[in-house]
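Here is how the chains run, residue by residue.
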Amino acid sequence: MVVREAVEGDLRQILELYLCLHETNVPEDSEHLERTWAQIVQDENHHLIVCEVDGCIVASCVCVIIPNLTRNVRPYAFLENVVTHVQYRKKGYASACLAYAREIARRNNCYKMMLLTGSKEAGTQAFYRNAGYNSSDKTAFIQWLV
């Protein structure tokens, strides 16, 4: 197992992995996709973390460092798109990605990390609790822009 930040050549595998998250298809190649991917890879505050097993990306998460003017001008980290391929679940791969994200947040002097999940499954919520997150400190509200 190798946990690392994504590089340019990882795009296809990441898009395939996202089919295990909530996507229903892989986006078609387009200038917009390539521009977005380049922006992600080049942004020093955007960390797309992958876990690789035998050359295949099997788990991933995104950790974005957000500059902040409160908490003694310390940033915070927001995690999103935590996913493990169905055939590789319950082997510690997503936990390894979250641990890698925690180290990025610490290196950047973040005062907190937060994430949202749409899952109501007890196992998913237990996974996040076991990783050190709680659902009692804050209440999340979402407004979908369609």
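Up top you'll find the structure we're talking about.
About the criteria used
Residues numbered from 1 in each chain as written. Predicted model: local features only at pLDDT ≥ 70, side-chain atom pairs only at ≥ 80, totals over all residues. Heavy atoms only, no water. Helix = DSSP H or I, 4+ residues; strand = E, 2+ residues; numbered from the N terminus. Rg over C-alpha atoms; globule rule 2.2 N^0.38 Å. Buried < 20%, exposed > 50% of the residue type's maximum accessible area, 1.4 Å probe, protein only. Areas by Shrake-Rupley, 256 points an atom, 1.4 Å probe, with all protein chains shown as cover. Lys, Arg positive; Asp, Glu negative; His and termini not counted. Charge placed at Lys NZ, Arg CZ, Asp CG, Glu CD. Pairing = 2+ DSSP bridges. Axes fitted to C-alpha atoms, helices over the stretch in contact; angles between N-to-C directions.

Chemist: Is there a simple way to explain the overall build of the chain in this structure?
Modeler: For the chain, the count of helices and strands is four helices and five strands. Mapped from its N terminus to its C terminus, the chain presents α and β elements in the order β-α-α-β-β-β-α-β-α. Against the globule reference of 15 Å for 146 residues, the chain gives a C-alpha radius of gyration of 15 Å, in line with a compact fold. Its C-alpha atoms give the chain principal-axis dimensions of roughly 40 × 35 × 35 Å. Burial status across the chain gives 32% buried among its 146 residues. Roughly 9,800 Å² of accessible area belongs to the chain as shown, and the carbon and sulfur atoms make up 50% of that amount. Charge centroids of the chain, computed over 15 positive and 17 negative side chains, lie 13 Å from each other.

Chemist: Which parts of the structure should I look at to understand the sheet that holds strand 1 (residues 2-5)?
Modeler: Hydrogen bonds between backbone groups are what pair the strands of a sheet, and the pairing can be parallel or antiparallel. Spatial ordering of the open sheet is given by 1-2-3-4-5, a layout of five strands whose pairing is mixed. Each of the sheet's edge strands pairs with one partner strand only, and the pair in question is strand 1 and strand 5 (113-115). Taken pair by pair, the neighbouring strands of this sheet meet at an average axis angle of 25 degrees, ignoring direction. Relative to strand 3 (residues 56-66), strand 2 (residues 46-53) runs antiparallel, the two being bridged by eight bridges. Bridging from a neighbouring strand, valine 53 pairs with cysteine 56 of strand 3.

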